[in-house]
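A look at the structure
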Amino acid sequence: MKFSFRQIILPAVTAALSLTSVPAAARDPDLFIFLCFGQSNMEGFPGLEEMDKGPVDERFKMLAAVDFPDQGRTKGTWYPAVPPLSRPRAGISPADYFGRTLVAKLPKKYKVGVINVSVAGSKIEVFDPEKVANYVETAPDWLKGAVKSYDGDPYQRLVDLAKSAQKDGVIKGILLHQGESNSGDREWPEKVKRIYDRLLKDLDLKANDVPLLAGQLVAKDQGGACAGMNDIIDKLPETIPTAHVISSAGCEARPDHLHFSPVGYRKLGEHYAETMLQLLKQRAAKIR
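As a starting point, this report considers the structure included with it. (Residues numbered from 1 in each chain as written. Predicted model: local features only at pLDDT ≥ 70, side-chain atom pairs only at ≥ 80, totals over all residues. Heavy atoms only, no water.)

What follows covers the sheet that holds strand β7 (residues 243-246). Within the open sheet, the seven strands sit side by side as β3-β2-β4-β1-β5-β6-β7. Their pairing is mixed. Whereas interior strands pair on both sides, the edge strands pair on one side only; in this sheet they are β3 (78-80) and β7. If you compare each strand with its neighbour and ignore which way they point, the axes differ by 25° on average. With three bridges joining them, strand β5 (residues 170-177) and strand β6 (residues 212-215) adopt parallel strand pairing. (Pairing = 2+ DSSP bridges. Helix = DSSP H or I, 4+ residues; strand = E, 2+ residues; numbered from the N terminus. Axes fitted to C-alpha atoms, helices over the stretch in contact; angles between N-to-C directions.)

Right, here's the structure in full:
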């Protein structure tokens with residue numbers, strides 16, 4: 001006898017999620033929050049297609065990381081997750097269809113919220129509080145401007161917003177898409193671990209409860225300019241046991257072979273969501 005997704009996975013996911021501790025009375029245990037950070041592909045290459053502009057499921061929210069004057073959004077406030085989610089002039093990113101896919105496949109009682117703090121063209125060092133100042137000092141003016149929008153410390157902005165969001169819901173995972181500017185950097189996994197560990201500490205989170213989902217760069221099958229970096233990204237779980245690599249295979253790229261097309265972003269976001277759903281299913285099985 002064959003069983004549907006809802007007959008097998010959804011009950012398991014529901015069981016796992018219902019066991020989340022809720023120490024704060026005002027916190028909604030059914031609001032699942034995901035922290036997103038990285039460079040341009042997580043920020044979202046500028047340009048939105050009509051199919052991405054329309055209304056989204058009201059269960060999918062975004063916490064504004066900066067002010068969005070044109071969209072009437074204020075930093076630190078929740079809004080419907082209509083793109084752009086990171087910065088006023090960005091396009092869609094993996095975070096968009098990650099959230100859309102989750103709310104489509106999770107039971108109706110659950111909501112998804114994302115916080116996206118990303119800096120196009122930046123190395124992973126921009127998220128290291130001990131290195132960001134020196135890194136930005138020699139950066140081009142356009143990158144300095146992006147970092148300035150986060151008061152000079154993107155990491156701290158992410159933490160501050162995450163702490164605020166913890167009053168509203170439960171952080172369930174961290175999404176990363178970065179590496180083009182660190183292409184070939186064999187120390188990248190250790191650099192990511194330092195940031196991940198610090199996030200866990202600063203937000204009083206446990207690694208087993210908050211996995212890190214790291215996406216591959218534009219793949220070889222799309223002529224990825226930095227596809228070789230995927231070999232390094234693939235090794236991240238050796239350094240961070242709770243890290244999971246998200247495949248970019250088949251995700252369409254733009255002609256620059258660095259950024260994904262809207263079609264590619266949608267597919268990559270779905271890959272992130274599929275992995276997260278499987279992790280929830282596995283956690284439910286372990287609890288049983």
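Attention shifts here to the environment of Pro154. Within the fold, Pro154 resides in helix α7 (residues 154-165). If we skip the residues at most four places from it in the chain, Pro154 touches Val117, Val119, Val126, Phe127, Val132 and Val147. (Contact = heavy atoms within 4.5 Å.)

In this section: the pairing of β6. Across the two faces of β6 the burial is the same, with Leu212 and Ala214 and Leu213 and Gly215 all buried. With helix α8 (residues 188-202) bridging β5 and the parallel β6, this β-α-β connection has right-handed handedness. (Buried < 20%, exposed > 50% of the residue type's maximum accessible area, 1.4 Å probe, protein only. Right-handed = clockwise from strand over helix to strand, strands pointing away.)

Attention shifts here to the side chain of Ser86. Looking at the element boundaries, Ser86 is found in the loop between β3 and α4 (94-105). What makes Ser86 buried here is its relative accessible area of 0%. With residues up to four places along the chain from it excluded, the contact list for Ser86 reads Glu43, Val66, Phe68, Asn116 and Tyr150.

Within this structure, the stated rule accounts for 14 salt bridges. The salt bridge partner of Asp57 is Arg59, with a shortest N-O separation of 3.4 Å. Assessed through its relative accessible area of 33%, Asp57 is described here as partly exposed. Owing to a relative accessible area of 9%, Arg59 belongs among the buried residues under this scheme. Linking Asp202 and Arg198 is a salt bridge whose minimum nitrogen-to-oxygen distance equals 3.8 Å. Pair noted here: Asp202 and Arg198 are both in helix α8, with a separation of four residues, about one helical turn. Among the residues examined, Arg198 registers a relative accessible area of 32% and is labelled partly exposed. Through salt bridges with shared partners, a single ionic network connects Glu49, Asp52 and Arg266. (Salt bridge = Lys/Arg side-chain N within 4 Å of Asp/Glu carboxyl O.)

So, about empty space enclosed by the protein. Scanning all chains against the criterion turns up one cavity of 30 Å³ or more. Looking at the largest cavity, its volume works out to about 30 Å³. Classifying every residue of the lining of the largest cavity by side-chain character gives two nonpolar, no polar and five charged. (1 Å grid on protein atoms, 1.4 Å probe; cavity = no way out; pocket = protein on both sides within 12 Å on 5 of 7 lines; lining within 4 Å. Points joined across faces, edges and corners; volume = space filled by probe spheres on them. Nonpolar A, V, L, I, M, F, W, Y, C, P; charged D, E, K, R; others polar.)

The relative placement of two packed helices is expressed as an angle between their axes plus a distance between the axes. As a packed pair, α7 and α8 sit with axes 11 Å apart at the nearest point and diverge in direction by 35°. You can see that α7 and α8 cross each other, and the crossing is right-handed. Contacts between α7 and α8 pair Tyr155, Leu158, Val159 and Lys163 from the former with Ile195, Arg198, Leu199 and Asp202 from the latter. (Left-handed = near helix turned anticlockwise from the far one by under 90°.)

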